Amino acid sequence: MTRVAAALGVPQPTVSRWLAALSAEVGAPVVVKDGRGVRLTRAGQLLADAASSAMGAFEAGTRQVIEEVDPDSGRVVLGFLHMLGRSMIPELLRAFRFRHPRVRFGLIQASRADIIARLQSGEVDLAFFGPPPDEPELVWTPVQRQELRVVLPDTHRLAGRAKVRIAELANEEFVGLEHGFGLRQITDDMCAEAGFTPRMAFEGQESDTVRGLVAAGLGVAILPEVEVPSPGLAEISLSPQASRLVALVWPAHDQLTPAVRAFRDFASTQEA
């Protein structure tokens, strides 16, 4: 009791009153006299074990918080479109980790609509997608402009063309991404401007799957340009040229941890 009082910086009678109040609250003594000292009762031992577990969890949580707010060892939850995971995101993470090797990342690949919802809920810290959002609680900066092309089977009647107008695809069956993906919104809008609604024969969630379906002759698609076209496909520029803007997006309140802010500032200065 004397050592406890000294460690807490209070008089010994104060410790005795605390123990008496605790015993009254649980309905059983937590300590009993043992010679010139005291020892824990069964109830006291259970309480002490629970307190030790709680303090262990608290200390572990404190360490996690300290790491979270450390710009050199924090964690960033990053959301992005599936197709950006092929090269853009890995290259960006490699360059950033060269400077900040201890920063950890949680990666979430989803549709534009899903990523926006997760940004709004706080589940995602930063995100890459296009087109940019118009929600007032989100802000963004442009990071990459991607040319959009018509993707056709290499045996298609238009496969040898240098350019294709959207209106020329009015009677084609389309393969595309599901509603909620930004590229689906762009495709629907472009076709509407050309005076028709695309007939979607197949809908998926990944551009690689869409390309595979096109190669199998199941339709045509509008997709971002790739460095190396897949076998069996022709990828042709649109006339007039079309593109989509990929943005880096974050919550407008800007209450970001140092690690998240460091990655945001780094990513926004990279030329894609």
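Residue indices follow the written sequence of each chain, beginning from 1 at its first position. Whole-chain, interface and lining totals are the exception, using all residues; otherwise, since this is a predicted model, local features are given only for residues with pLDDT of at least 70 and side-chain atom pairs are given and counted only at 80 or more. Derived side-chain values reflect all non-hydrogen atoms in the structure, with water molecules and hydrogen atoms excluded from consideration.

Caption draft 1: Region of the structure containing the overall build of the protein chain. Secondary structure is summarised from DSSP: a helix means a run of H or I of at least four residues, a strand means a run of E of at least two, and numbering begins at the N terminus for each. Check the secondary structure of the protein chain and you find eight helices and eleven strands. Compactness check: the protein chain gives a C-alpha radius of gyration of 30 Å against a globular reference of 19 Å for 272 residues, more than 25% above the reference. Its C-alpha atoms put the protein chain at 100 × 35 × 35 Å along the principal axes. Relative to its 272 residues, the protein chain shows a buried fraction of 41%. Contacts in the protein chain between residues at least 24 apart in sequence constitute 71% of all its contacts with a sequence separation of at least 6. The method behind every accessible area is Shrake-Rupley, applied with a 1.4 Å probe, and residues are considered shielded solely by the protein chains displayed. Counting only carbon and sulfur atoms, one obtains 52% of the accessible surface of the protein chain, whose full area is about 15100 Å². A radius of gyration in this sense is built from C-alpha atoms; the matching globule rule multiplies 2.2 Å by the number of residues raised to 0.38. For every residue, the accessible area obtained with a 1.4 Å probe (protein chains only) is divided by the maximum for its type, and the residue is called buried under 20%, exposed over 50%, and partly exposed between those limits. Between two residues, a contact is recorded if the distance between any of their heavy atoms is within 4.5 Å.

Caption draft 2: Structural detail: the packing of helix 4 (residues 88-99) against helix 8 (residues 258-268). One can describe the packing of helix 4 onto helix 8 by two numbers: an axis separation of 11 Å at closest approach and a directional angle of 125 degrees. For the element pair helix 4 / helix 8, the angle class is oblique. Here helix 4 runs over helix 8; the crossing is right-handed. Across the interface between the two elements, L92, L93, A95, F96 and R99 of helix 4 pack against A262, F263, F266 and A267 of helix 8. Under the convention adopted here, Pro, Cys and the residues Ala, Val, Leu, Ile, Met, Phe, Trp and Tyr are nonpolar, Asp, Glu, Lys and Arg are charged, and Gly plus all remaining residues are polar. Residues that form the contact of helix 4 with helix 8 fall into these classes: eight nonpolar, no polar and one charged. A fitted line through C-alpha atoms serves as each axis, taken over the contacting stretch for helices, and the angle formed by two N-to-C directions is quoted from 0 to 180°. The cut-offs work like this: below 35 degrees is roughly parallel, past 145 is roughly antiparallel, 65 to 115 is roughly perpendicular, and the gaps in between are oblique. Two helices that cross are described as forming a left-handed crossing if the nearer one is turned anticlockwise from the farther one by less than a right angle, and a right-handed crossing if clockwise.

Caption draft 3: Examining the pattern of salt bridges more closely. When a carboxyl oxygen of Asp or Glu is within 4 Å of a side-chain nitrogen of Lys or Arg, the pair counts as a salt bridge. Applying the stated criterion across every chain yields a total of 13 salt bridges. With a closest N to O distance of 3.3 Å, E225 and R149 form a salt bridge. Here the residue E225 occupies a position in the loop between strand 10 (221-224) and strand 11 (233-251), and R149 occupies one in strand 6 (residues 138-153), the gap between them amounting to 76 residues. Between R184 and D188 there is a salt bridge, and its shortest N-O distance comes to 3.2 Å.

Caption draft 4: A look at the layout of surface pockets. Method remark: on a 1 Å grid restricted to protein atoms, a set of points is classed as a cavity if a 1.4 Å probe fits but cannot get out and as a pocket if it is open with protein on both sides within 12 Å along at least five of seven lines; lining residues have an atom within 4 Å of a point. Grid points are joined across faces, edges and corners, and a volume is the space filled by probe spheres set on the points. Here the largest pocket is characterised by a volume of approximately 660 Å³. Lining the largest pocket are 25 residues; nearest its centre among them are S87, M88, Q144, Q146 and E227. Elements with a contribution of two residues or more to the lining of the largest pocket: helix 4, strand 6 and helix 7 (207-215). Looking at the lining of the largest pocket, its residues break down into eleven nonpolar, five polar and nine charged. Taken together, 15 residues line the second largest pocket, and the ones lying closest to its centre are V4, V15, L19, V31 and L40. Put simply, the parts of the chain that give the lining of the second largest pocket at least two residues each are helix 1 (2-8), helix 2 (12-26), strand 2 (37-40) and helix 3 (42-69). The greatest single-element share of the lining of the second largest pocket, amounting to four residues, is contributed by helix 2. Split by residue class, the lining of the second largest pocket holds 13 nonpolar, one polar and one charged.

Caption draft 5: Summary view of a nonpolar patch on the surface. Here the term patch refers to residues with relative accessible area over 30% and no salt bridge, with like charges joined within 9 Å and nonpolar side chains (Val, Leu, Ile, Met, Phe, Trp, Tyr) within 5 Å. A contiguous nonpolar patch, built from V4, L8 and W18 and spanning about 310 Å² of accessible area, is present on the exposed surface. Relative to the assigned elements, L8 resides in helix 1.

Caption draft 6: Region of the structure containing the packing of aromatic side chains. To pair, rings of Phe, Tyr and Trp, with the six-membered ring standing in for Trp, must have centres within 6.5 Å; the planes then decide the type, stacked if under 30 degrees apart, edge-to-face if over 60, and tilted in the middle. Inspection of every chain in the model, using the stated rule, returns five aromatic pairs. On the basis of an interplanar angle of 75 degrees and a centroid distance of 5.1 Å, the ring pair of F105 and F263 is categorised as edge-to-face. In this pair, F105 is assigned in strand 4 (residues 104-109) and F263 in helix 8, connecting sequence segments 158 residues apart. What makes F263 buried here is its relative accessible area of 0%. Over the face of the ring belonging to W250 we find R264, whose NZ or CZ atom lies 5.0 Å from the ring centre. Only when the NZ of Lys or the CZ of Arg is both within 6 Å of the ring centre and within 35 degrees of the ring normal is a charge said to sit over the ring.

The analysis is restricted to geometry; functional conclusions fall outside its scope.
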